[in-house]
Structure formats: structure tokens, C-alpha cells
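# Reading the structure
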Amino acid sequence: MRLNKLILSLLTGATACLTACDDAFLDTKPTDIISDQAIWADSALADAYVVGRYVGVQLSTEGDKPGFGRGFEDAWMSSVTDESICNFDNDTYFVQQGNAAPDRTGWISNTWTRSYRSIRECNYGLANLDKVPMSESGKKRLKAELRFIRAYRYHDLIRNFGGIPVIGDKVYTLEDRDYTELYQRKSIEESITYAVNELDAAAAGLAGSGVIPGRGSENAALALKARLLLYAASPLYNNNQHDAAKWQKAADAAKVVMDKGAFSLHNDYRKLFITNNTSEDIFVRLYSPTNEHTNLELVNGPNGYGGWAGNTPLQNLVDDYEMMDGTKITDPKSGYNPKEPYKNRDPRLTMTVLYNGAAYRERNVETFVPGGQDSKDGNENWNTTKTGYYVYKFINDQSPIRNANQTATQPWKYIRYGEVLLNYAEARNEATGPDATVYSALNQIRKRAGMPDLPAGLTQATMRERIRNERRVELAFEEHRFFDVRRWKIANVTENVPAYGVRPEKKPDGSIEYVKIIALEGRKFQDKNYWQPIPQSEIQASGGALKQNAGY
């Protein structure tokens, strides 16, 4: 806020000067740009510079100021997985169909350019913070925040591309002549070690400095470290070799966060994703009027309400929600009725997905044909879901679907305590098997959802499957599935299954028959797709020194 007022006052002063002193016009400085010297001479501007790094500079290929991930973009990460498809494509279909290439990455490889730009910005800040007239404790916090942001960017690079160039603290300029370090990819293990060490340093620098909502904290750094170590222990990162010590290291890292007692599961799963500052929040992006984001209600709403459908859930995901008694719908004893497919299901299904007959705003959703208001027979049928479903998670019923600013105000939760519990359960199960602490972590999550405890006596392999399915439904649309199926080395199975949807057909007697359909043809996954292609422009800029991922 102070930064905006400063810019406004500069503009006002400059206008007055021009009016009174026309002869001095050529000597005036630009009023829409704050000089480097001004930033590092003012503690408020230096703080604003650090805060700005949580969002970063918008790339020409991005529709909004991106932050981390794609939570506030029109097309989500879920729409290049078996969770959903993007109703209007938005550079997702060719990824789903296995056609991503170095010269055709769409937004999927924006992570490379966005992250390295952000890393340079963090390095630039670290190189200049000692000039700022502020307390040493203030400088310490800002430096630690930049190291946290930088480590988050490295974590994004690693989980998309594998081993990557590690830049350290160097700030490259146009005067530099040797860019060798920019093109030398470290091993995955070296890359992870660097990022983990940075997170340790960030956590130490932020310890005792309090929590500012929307910014990095000691616990955010520790939780991100636990996630990264979970990845480091996973099959993709170890050539399918099982290393119990690595899994235990990941479990220990998650346990550190758990033992602090600073977090607990929010009591309402539905409201968790539309509420600020809950007991579960570890690192979030908050709404800001200076960094407005996509109107999630408009982009993802049903066409009958004036929405655009956006990211529409797949039957593949819907089928993985258990029955209320904890059985799979494929279990003959489950009581699942295909004529009433959403009855007696895991309550998280109703809190996550809008299906035919689901209560939404002033009426029930109607995706049936003929005549359904939210089907192709409804309003603005070009915005009709292709899958028979609409997303409900993250959607705030109290926010208008259409509003003057075309923006939404809910937060996006990058890291929450529910994930930490799941990370611990997975790592501990892989390290030692399903002991009591594994059951405890999972059952806390299931209890919050209204689901029964897991049955006693599960084997390690059976518990593994239960954990993976729990992540599938608990973390749906939160940008985990894309990376989970890859690190588990099961994407060659899950991502080669057709993108299924449903067509509810209304019969003359009023009954509904739910017909399974293919919502997107040609889903395909090859071994090379376990890692993303580095943009060809980056390879060319290096003169071929930067090595492309295998298969591309």
C-alpha cells in the first residue's frame, strides 16, 4: 500500500513540476519506474520487492500474475491429468494426448522460464538487501524469505524436469561472458540436496520471526522440505529402487512439522478452500486487489448458471471415491447402485464435484439430456461440460458467478497440514510398514471427511494403495496428482486410460440412466513424459550446451 502511495505522490509531484517548469522537462525522471537505488534506500520498498517475488513477473504466455503453479489460471494442472479436462482446451489436449514437445510445450513448460526468472530476482534481492536502512533482524527475515521463494522455484523445476542447473547466489548480467553454469544440469540428487539445504537455511532465518499470512515462514520451509524429500525417496527419483532410509528421512521431516503442534485439520473440508487463515494453512496465496486472479466461479461454473465449465472433473476421479462404509464401488458387497451412483459415497465427492442432481445455489444441477439446464440443451451450450460434471472445490457459493471486476477473492492453498499428514503416512509406510502412526495420520483425515477408520491388519502393499487413493480424493485438483503418478511410476497406466465422462439420459418415466462416455479422445502417455521437455528456445540459446530430457 505504501508503495502505491509513493508512486502516486511521485506522479503528482512530477505533473506539478512539468506545469511550472517546462524547460526542465528533459531532465525529469520516469515516474512509473522506481530506480534500483530507491528500492534499496527504503525499507518499505525493499519489503515490497520481496513480497512481489511471491507472485513474480507475468510472462507473455500467461493470462494472470502466476504465483506458484496454476491455481488461478483458466486451465489447471488437473486438466493435464486423470482428474479433469479443460472444457476449452487452453493448451491441455495435446499434453493429455502425449504430444508435448520442445517446440510445443504450451504452458506446461512455463515452469522453466518462470522459475529461472524468479531465481534471478531472488538472487538480485539477496545481493542488495545489506544496503537497506533497516534492522538486522528485518534483513535476516527478508533474506530468509527470498531463500524460501528461491527454493520453492527449484522444487518446481526438479519435479518437472529432474536434474537442473543450480545457479547459487550469482546474479547474471549482460556484461557476463561465461554462462557455462547456466547450462550444466546437476544430478537429481545434487539438485534436491541444494534445495533442501536452502529450505533449512530459510527455516533457520525465519524461526521466531512470526507468521505473516501469504508469506514464507519457518513451518512453510519445513513442510516444503518434507514434500521434496518425499519426492526424493520415490521410485521415479531412484530408478525404481526402494531405499528405506530415504523414506524414513522424508517421514522424519514431516514429523518435525507435526510435532510442532502449530497446525490442525480444519473442521470443515468444504469451507477449508474458501476460508482465509485456517488452522490447516501452512503456505497460501491470499487474494490481493493489486494481484487479482481468475474468477473461479465464472470460469468453472455450469453453463446453466452463466459459467464457462472450465476444468470439468473426469469419471476416472469420481469412480475412486469410496462408499460411505469405506468399500470401493467395484466391491460386490459395497451396495453401489449405478442408477444412483452418487448415493452413500465419500462426502468429499459432494464437496468436490457438481454432478447431476447436486444442490448448487438456488437449484439442483441438471446435466441430464434432454432438457437439462446445465446440459447442451441449456443456456450458452458452447460452455456445456464435456464430462457431465463441474468442479465444486474452491467455489464460493456466496460469490457471484459474474461480477463487475471478473475476479474472485478466495485463497489458494499451496501447502496445508492435510498434505503433511499424507506425506508422513506414505513415507513412514514405505520405511517401516503400516504402524500405528501411519493409521493415525490417515484416520485423522478420514474422520474429518466423515469416513470410517481404515481396517486394521493391512499389509504394506495394501496400505500403499489406500494411501495413494486417499491422496487422490483428499488432494483432488490441488496440483499433486500430476506429480504423484509420475513419482510413483504409474503414469504409464493412469494416463493411458481414456478420459471418461458420463451422459445422464432422462427417460420418459423420469428415471436417469448414466451412460459412460469418452470425454476426450486419444489420451496417451510415453516413458519420456515422466519428465517435461525443456523449451527448445532454451536449448538453442545455450548453443546446445543445455541437454534436453531423454526422448525429446
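Residues numbered from 1 in each chain as written. Predicted model: local features only at pLDDT ≥ 70, side-chain atom pairs only at ≥ 80, totals over all residues. Heavy atoms only, no water.

## Remarks on the overall build of the chain
For the record, the criterion: Helix and strand assignments follow DSSP, with helices taken as H or I runs no shorter than four residues and strands as E runs no shorter than two, numbered in order from the N terminus. We take the radius of gyration over the C-alpha atoms and set the globule estimate at 2.2 Å times the residue count to the 0.38 power. The rule is simple: take the accessible area with a 1.4 Å probe, protein chains only, and divide by the maximum for that residue type; under 20% is buried, over 50% is exposed, in between is partly exposed. In what follows, a contact means two residues having at least one pair of non-hydrogen atoms within 4.5 Å. Calculation of accessible area relied on Shrake-Rupley with a 1.4 Å probe; when residues are assessed, cover is drawn exclusively from the protein chains displayed. Residues scored as positive are Lys and Arg, those scored as negative are Asp and Glu, and His as well as the terminal groups of each chain are ignored. Positions of charges follow a simple convention, taking NZ of Lys, CZ of Arg, CG of Asp or CD of Glu.
On a plain count of helices and strands, the chain comes out with 20 helices and 12 strands. What you see for the chain is a C-alpha radius of gyration of 25 Å, in line with the 24 Å of a compact globule of 552 residues. When the backbone C-alpha atoms are referred to their principal axes, the chain occupies close to 85 × 60 × 45 Å. Counting the 552 residues in the chain, one finds 55% classified as buried. In the chain, the share of contacts with a sequence separation of at least 24, taken over all contacts with a separation of at least 6, comes to 70%. As displayed, the chain has an accessible area near 23,000 Å², and 52% of this comes from carbon and sulfur atoms. If the 68 positive side-chain charges of the chain are averaged to one point and the 70 negative ones to another, these points end up 2 Å apart.

## A short note on the side chain of S84
The condition that has to hold: Polar contact is the term for a pair of N or O atoms within 3.5 Å; when the atoms are in protein, one must be able to donate a hydrogen and the other to accept it, and sequence-neighboring residues count only if both atoms are side-chain atoms.
Along the chain, the position of S84 falls in strand β1 (residues 84-86). Within polar-contact distance, the side chain of S84 engages the side chain of S79 at 2.9 Å. In this view, S84 contacts S78, S79, Q96, N311, T312, P313, L314 and F477; residues no more than four positions away in its chain are not counted.

## A look at the nonpolar core
Our working definition: Buried Ala, Val, Leu, Ile, Met, Phe, Trp, Tyr and Cys residues form a nonpolar core when they are joined through side-chain atoms within 4.5 Å.
If you look at the biggest cluster of nonpolar residues, it comprises 135 residues, and the most contacted ones within it are F148, Y154, I164, I282 and F283. Looking at this core, the element that brings in the most residues is helix α9 (residues 218-233), giving 12 residues. The next biggest cluster of nonpolar side chains, apart from the first, holds six residues, and it includes I85, L314, A499 and A519.

## Re the pairing of strand β11 (residues 499-506)
Let me state the cut-off plainly: A pair of strands is considered paired only if DSSP assigns at least 2 bridges between the two.
Pairing geometry for β11 and strand β12 (residues 512-520), over eight bridges, is antiparallel. The partner of V502 across the bridge, within β12, is K516.

## Considering the confidence of the model for the chain
Test applied: Per-residue confidence from the predictor is reported as pLDDT, which spans 0 to 100.
In the predicted model, the chain carries a mean pLDDT of 92, and the fraction of residues at 70 or more is 92%. Low confidence marks residues 1-26, where pLDDT is under 50. Its contacts with residues over four positions away, or in another chain, come to 14 contacts.

## What to know about the packing of aromatic side chains
Here is the rule: Between the rings of Phe, Tyr and Trp (Trp by its six-membered ring), a pair exists once the centres lie within 6.5 Å; its type follows the angle of the planes, with under 30 degrees stacked, over 60 edge-to-face, and the other angles tilted. Both a distance and an angle decide whether a charge sits over a ring: NZ of Lys or CZ of Arg must be within 6 Å of the ring centre and within 35 degrees of the ring normal.
Within the structure shown, the criterion is met by 33 aromatic pairs. Here the aromatic rings of Y152 and F283 are separated by 5.8 Å at their centres, their planes lie at 55 degrees, and the arrangement is tilted. Residue Y152 is found in helix α6 (residues 136-161), and its partner F283 is found in strand β2 (residues 281-285); the two are separated by 131 residues along the sequence. There is no split in this pair, since Y152 and F283 are both buried. The structure contains a cluster of three or more aromatic residues connected by ring pairs, namely F72, W76, Y269, F273, F394, W412 and F477. Sitting above the plane of the Y305 ring, R363 keeps its charged end 4.0 Å from the centroid. The side chain of R486 reaches across the aromatic face of F482, ending 3.7 Å from its centre.

## Overview of the pattern of salt bridges
Rule in force here: Put simply, a salt bridge is a Lys or Arg side-chain nitrogen that is within 4 Å of an Asp or Glu carboxyl oxygen.
This structure, assessed with the given rule, holds 48 salt bridges. Among the salt bridges present, the one from D47 reaches R215, with a minimum N-O distance of 3.0 Å. In this pair, D47 sits in helix α3 (residues 43-52) while R215 sits in the loop between α8 (188-206) and α9, placing the two residues 168 residues apart along the sequence. Residue classification places D47 among the partly exposed residues on the basis of a relative accessible area of 27%.

## Regarding the environment of E465
Turning to its location among the elements, E465 is positioned in helix α17 (residues 460-474). Judged by its relative accessible area of 47%, E465 is partly exposed. In sequence terms E465 and E426 are 39 residues apart; their C-alpha atoms lie 9.9 Å from each other.

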